[in-house]
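# Fold and geometry: a report
Each chain is listed here by its residues.
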Amino acid sequence: MQSDSIVFRGNLRQLLGNVESGEMIPKLQASHAPMCKFFTAYYVINGIRHVVPLVHGPTGCPLYMSDFVRTRECCEIRGVPLEPTACTSLDESNVIYGGEGKLLEAVKEAYAKYRPDLIVILSCCCSGIIGDDVENIAREAERTVGCRVLALRSEGFGGDFRSGYEDAFRLIMDLMEPPKTTMKGTVNILGARWGPTPTEFDWDLDEVERLLSEVGIRINAVIAGGCTVEQIKHAREVELNASWCYDWGQKLGDRMQERFGIPYSRTGQPYGLEATREWLLGIAGPLGLEKRALEVIERETRAVEADLAYLKGALEGKTAVIEISEFPGPIRALSLARMAEEFGARPVVVNVHPYTIKERMPSIQYILETGVNPEVILTRGLFHLGSFRSSKETEEELEAIVQGYDDVVFFGNSGRFPPCPVVNLTLMNPGFQPQYGFRGIRNIAALVRQALENKDLPRSRLFRGMLYGTRTK
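So, here is what we can say about the structure in this document. (Residues numbered from 1 in each chain as written. Predicted model: local features only at pLDDT ≥ 70, side-chain atom pairs only at ≥ 80, totals over all residues. Heavy atoms only, no water.)

## Side note on the sheet that holds strand β11 (residues 346–350)
What the six strands build is an open sheet, ordered β1-β12-β11-β10-β13-β14; its pairing is mixed. Here the strands that pair on one side only, and so sit at the sheet edges, are β1 (6–11) and β14 (422–424). When the angles between neighbouring strand axes are averaged without regard to direction, this sheet yields 20°. Strand direction decides the pairing type here: strand β10 (residues 319–322) and strand β13 (residues 408–412), joined by four bridges, are parallel. The residue bridging Thr 319 from the neighbouring strand is Val 408, located in β13. Contacting β1 and β12 (375–379), helix α1 (residues 12–20) runs over the sheet at an angle of about 125° to β1. Where helix α15 (residues 330–342) meets the sheet, it contacts β10, β11 and β13, and its direction lies at approximately 165° from that of β11. (Pairing = 2+ DSSP bridges. Helix = DSSP H or I, 4+ residues; strand = E, 2+ residues; numbered from the N terminus. Axes fitted to C-alpha atoms, helices over the stretch in contact; angles between N-to-C directions. Contact = heavy atoms within 4.5 Å.)

Below, the structure written as structure tokens:
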């Protein structure tokens, strides 16, 4: 591959150093810009069942959330009402004279119409700039409606991707009541955003719940992944908190440990045998259930022995080029890198945008502490305008990267056409879900087998042309 197409080549630790120094953060944020504070705060709040997120602002932000989150991804299956993404529809007059009165009436109307368990007022840029006192309105409204009303200052300019969900989790902690008892053998799972959020999938959660159940561990609440207000109220009665996505869960776990004294199991995502073993023992050990967990691990390992042997034989000595771009995120890419290394492959992670590294520094540092430090390549196309995950330029760069290694297997999605076996890890394929845990080992083995056995079959030129065009340089 031509060296002028490579912007960075090194390991994860070196990339983190470059990001920390600000060296690789573009001043012009375009299509690669991360979500603002409002969006990530909304995602978390929206994972609570029977909540009305009430946006205090004009219609633009809620329109996007309503279209993208609440209807397209259909959260009704998790008990979250399809309607509404409520909004105060601030206009010019409200901006000049204030919108607090309008907000108070909107809270009353939302309660009368939907009878939710919780209303959360989310400020956006407009109401943040004019300085409406959303906290005071929330307190006043709570006295007149039949549910809790909380306010979250989530104006986009007031923070970043990370502060949005951290502040939302902090707000959720205000719902947690003093414990009346201790629920033995019970944990909270932290850091989820399911419901409606399209970055988490319940197949992985099902596997997490199954494994914990096999050990005799119960889950009080998945926060905030379809949990109820009642479950949140009892969140302090568990013996331990654990995460299924360290990136989103760690801050809430740290805060609950600091404020309530609830211990928190710090482990990564359970991809592959070793990470799954660590994840399960990290929860079972503090609960005094290590022996039972080891029995479950032994039994589950025997059940996937053939799959483990296949993955070892199929991947040992190969190069695993991994591209999990903005979606579903770099932490999964790094978890896959660890799994690939476990099975004897050399992981190379392609095009993890520096923005995402910057937003996830605590998680990246934790991953480095666990010994995961794969090779990382960033290409020039990553920094151009447009969506790099589907651009013609990054596709051609990926194809060139793959040709620079011997015996490559690509881990990504079927929308890429590198000249090597393609392991289609898209999370939209329910036939090969979950990817976590022991069932994940079986599914990933099936996907690798599928990729290797079909490597000589021609890929669709029509499909590639539809995605990237038919013209060549």
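## Comments concerning the sheet that holds strand β6 (residues 186–190)
Judged by pairing direction, the sheet is parallel, and its four strands sit side by side in the order β7-β6-β8-β9 without closing on themselves. The open sheet has two edge strands with one neighbour each: β7 (218–223) and β9 (264–265). Seen against the sheet, helix α9 (residues 202–215) touches β6 and β7 and runs at an angle of roughly 155° to β7.

## A word on the nonpolar core
By size, the foremost hydrophobic cluster in this structure holds 120 residues, and its most contacted members are Ile 172, Ile 223, Phe 411 and Val 448. Looking at this core, the element that brings in the most residues is helix α19 (residues 437–453), giving eight residues. With near-sequence residues (within four places) excluded, Phe 411 lies in contact with Leu 315, Ala 320, Val 321, Ile 322, Glu 323, Met 339, Val 423, Leu 425 and Val 448. (Core = buried A, V, L, I, M, F, W, Y, C linked by side-chain atoms within 4.5 Å. Buried < 20%, exposed > 50% of the residue type's maximum accessible area, 1.4 Å probe, protein only.)

## Observations regarding the pattern of salt bridges
Following the criterion strictly, the structure yields 30 salt bridges and no others. Ionic pairing is found between Arg 299 and Glu 300, a salt bridge with its closest N-O pair at 3.9 Å. We classify Glu 300 as buried; its relative accessible area is 10%. The structure contains a network of salt bridges with shared partners spanning Glu 207, Arg 210, Glu 214, Arg 299, Glu 300 and Arg 439. (Salt bridge = Lys/Arg side-chain N within 4 Å of Asp/Glu carboxyl O.)

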